[in-house]
Structures are given as structure tokens and as C-alpha cells.
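So you can see what is in the structure, the chains are spelled out below.
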Amino acid sequence: MSLRIIFMGTPDFAVPTLAEIVGQGHEVVAVYTRPPAKAGRGMGEKRSPVHEMAERFAIPVFTPRTLRSEEEQETFRSLGADVAVVVAYGLILPLPVLEAPALGCLNLHASLLPRWRGAAPIQRAIMAGDAETGVAVMKMEEGLDTGPVAMVERVAIGPDMTAGELHDRLAVLGADLMVRALAALSRDALSFVPQAAEGVTYAAKITNEEARIDWSRPAAEVHNLVRGLSPFPGAFLMADLGKGPERVKVLRTRRSEGAGAPGTLLPGGLRVACGEGAVELLQVQRAGRGITSGEEFLRGARLVPGDVLT
């Protein structure tokens, strides 16, 4: 049985789920997404990836800046949805919105709840060195990702997997998981289990300060930071490349042998000493330039073994 659905999402991660829901024949009566944002050199307004996909399907799009007003809540209620599906929407849903759909609001979250509740679960899982993560479908309530869970898919995190690679994997898995959950919901066969009280962790937004590489940390932690923030926002270092300190993004590394004062460039490629061990920088990007290999970067940079990166 098809359901009458309101879809709420904003970034690329949510697009496969919207496409799968439409493909399964459900009636998506409206899409809610964040308002267009100014972007690019001309600072023109750019619509979200979900907005673009909704227009391809000719689905009405709503872009409120808040859902707390009575007017917005009445608009939401008037759509008469069976269920709302929420995937990385970006706005808090107040209680009147959560209670409006007859069957509630289902959220697709990119972690194995209760681990990594919050805004940046993919990045935080990799930065922490987790060996696995996954996607979960839960019923939303007022708390931050605290609702009971219906279905889960687990994914191994490879030792060199980046956040971008994991993001793409989870987006596809999550889309499939959500449509299976909706199929069960339509048969009144979707059951929920409360989250465990133990093992709760929070995935706070990434700050600019923590994206800067701290070379005094062990090589394993530096490697996890780089892959956890690749491709966005990107871990970074500072180096004097001939015109004063310059910010350089580091997008891919591997652990390497070697020792020295933290931040010191070691002989034999673009290898940097850490507090314990060393890492080799495999992909980097100078401000305003394209991504290059570590070897290409080293050929063009005025760096020699013994120089210190900060």
C-alpha cells in the first residue's frame, strides 16, 4: 500500500532516499528543505540538492526558515500526510509537527544509535577510529536522536576509508533501508525498540579549530582526522611555501615509519613526524588550487627535510 508522505531533507545524503520513495510509488505530497543559500563568486542563490530533485519530480517544495510558527505548523498539518520522512533536514521539528502525521515522523540517521547522535555522525565515527557504523530508521521524538529504532544496517569502516566514501555508501544503504521500513509501516508491521541507555555519544559539528592537524598526536589519530574530514571541510596544516604561512588541506594520508619532532618533514617523500610515528601525505590542496598528489606538491613547494609544518 502506498503512503502519503512529506519528505524533509536538504543535502546530497538525502537525495537517494527521496528518489527511492518516489520510485516505490508512494505519494510524496510535499518536500521540505532548507531555503536557498547564497553561494559562488556571484553570491547567487543556490537551491539544495533535495530541492533540485523535488522539482524534477514536480513535487511542491516548502522552504521555511522555522517550523515554530502556528502558520507553518497549520500548513504542515493541512497536507494530511500519513508519515513524514526526515533525512538530514537541518531544522528542529517542534512537537506539533512531530504529532501531525497520522503515523508519526521517521528519521534516517547515519550511525548505530545511540552512538553518535547529532550533527556529524559520519565524520565523528571515522575520527574516533570506529571499526563499523551504519544507518538507522527511528521514530522521532523531541529529544536529539533519542527515539526508538525500527531497523538498522551495519557497515564496516575500512582503515583508509574517507568520510566522503562512507557518506556515499550510507546514502545508498539508507535509502534502501527507509523504503523497506515504509513498506513494513504500510502493513502495520514496523516495530520499534527503545535505544540503550548505555553507549550514548554525541557527534557535534566540526569546528575550524579541530580541523587543524595537531602533529603532537599519534600518527593513527592524525590519519583518522584527515580521512574523517575528507573531502569536507578538510583537515589542514600551515606551511611557509615562500610567501609566508599558507593553509594547505590534507585529503588523504597513510601511516608511515619514521620519527622526529612533531611536524618535522622527514626524508623520502612528503612524510611528517607525529607525536608517535609518522604519516605520509598522499593528497593535498593549496588554497585556490586543485588537488595534487603529495609528490607533486613537494616538487612545487620550497620544503626540505627538517622543515616544520604547523
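Quantities reported herein were computed from a predicted structural model and do not represent experimental measurements.

Explain the sheet that holds strand 5 (residues 61-62) to me, please; I cannot follow it from the model alone.
Hydrogen bonds along the backbone pair up the strands of a sheet, which may run parallel or antiparallel. Strand order in the open sheet formed by seven strands is 5-2-1-6-7-9-10, with mixed pairing between adjacent strands. In the strand order of this sheet, the two ends are held by strand 5 and strand 10 (149-156), each with one partner.

What am I meant to see in the side chain of Thr 201 here?
Within the element layout of this structure, Thr 201 appears in the loop between helix 6 (163-186) and strand 11 (202-203). A polar atom in the side chain of Thr 201 sits 2.7 Å from the backbone nitrogen of Trp 116. Among all residues touching Thr 201, those that are not within four sequence positions of it are Pro 114, Arg 115, Trp 116 and Arg 117.

Quick question: what am I supposed to make of the pattern of salt bridges here?
Inspection of every chain in the model, using the stated rule, returns 13 salt bridges. Note that Arg 4 and Glu 27 form a salt bridge whose closest N and O atoms lie 3.0 Å from each other. Of the two residues, Arg 4 sits in strand 1 (residues 4-9) while Glu 27 sits in strand 2 (residues 27-32), which places them 23 residues apart along the sequence. Residue classification places Glu 27 among the partly exposed residues on the basis of a relative accessible area of 41%. Close ionic contact of Arg 115 with Asp 130 constitutes a salt bridge, the shortest N to O distance being 2.9 Å. Note that Arg 115 is positioned in the loop between strand 7 (105-109) and strand 8 (117-118) and Asp 130 in the loop between helix 5 (121-127) and strand 9 (132-139), a separation of 15 residues in sequence. On the basis of relative accessibility, which here comes to 29%, the residue Arg 115 falls in the partly exposed class. In this structure Asp 130 comes out as buried when scored by relative accessible area, which is 12%. In this structure, a network of salt bridges that share partners links the residues Arg 47, Glu 52 and Glu 55.

How should I be thinking about the UniProt feature "binding site: (6S)-5,6,7,8-tetrahydrofolate" (unreviewed entry) in the protein in this particular structure?
UniProt records the feature "binding site: (6S)-5,6,7,8-tetrahydrofolate" (unreviewed entry) for Ser 111, Leu 112, Leu 113 and Pro 114 in the present numbering. In this fold, Ser 111 is placed in the loop between strand 7 and strand 8. Among the residues examined, Ser 111 registers a relative accessible area of 0% and is labelled buried. Excluding residues within four positions of it along the chain, Ser 111 makes contact with Trp 116, Pro 121, Thr 133, Gly 134, Val 135 and Ala 136. Of note, Leu 112 is situated in the loop between strand 7 and strand 8. Relative accessible area serves as the criterion here: at 16%, Leu 112 is assigned to the buried category. If near-sequence neighbours (up to four positions away) are discounted, Leu 112 is found in contact with Glu 132, Thr 133, Gly 134, Val 152, Glu 153 and Arg 154.

The rules behind each value
- Residues numbered from 1 in each chain as written.
- Predicted model: local features only at pLDDT ≥ 70, side-chain atom pairs only at ≥ 80, totals over all residues.
- Heavy atoms only, no water.
- Pairing = 2+ DSSP bridges.
- Helix = DSSP H or I, 4+ residues; strand = E, 2+ residues; numbered from the N terminus.
- Polar contact = N/O pair within 3.5 Å; in protein donor to acceptor, adjacent residues only side chain to side chain.
- Contact = heavy atoms within 4.5 Å.
- Salt bridge = Lys/Arg side-chain N within 4 Å of Asp/Glu carboxyl O.
- Buried < 20%, exposed > 50% of the residue type's maximum accessible area, 1.4 Å probe, protein only.
- UniProt positions renumbered as here; feature names shortened; annotations may be inferred.

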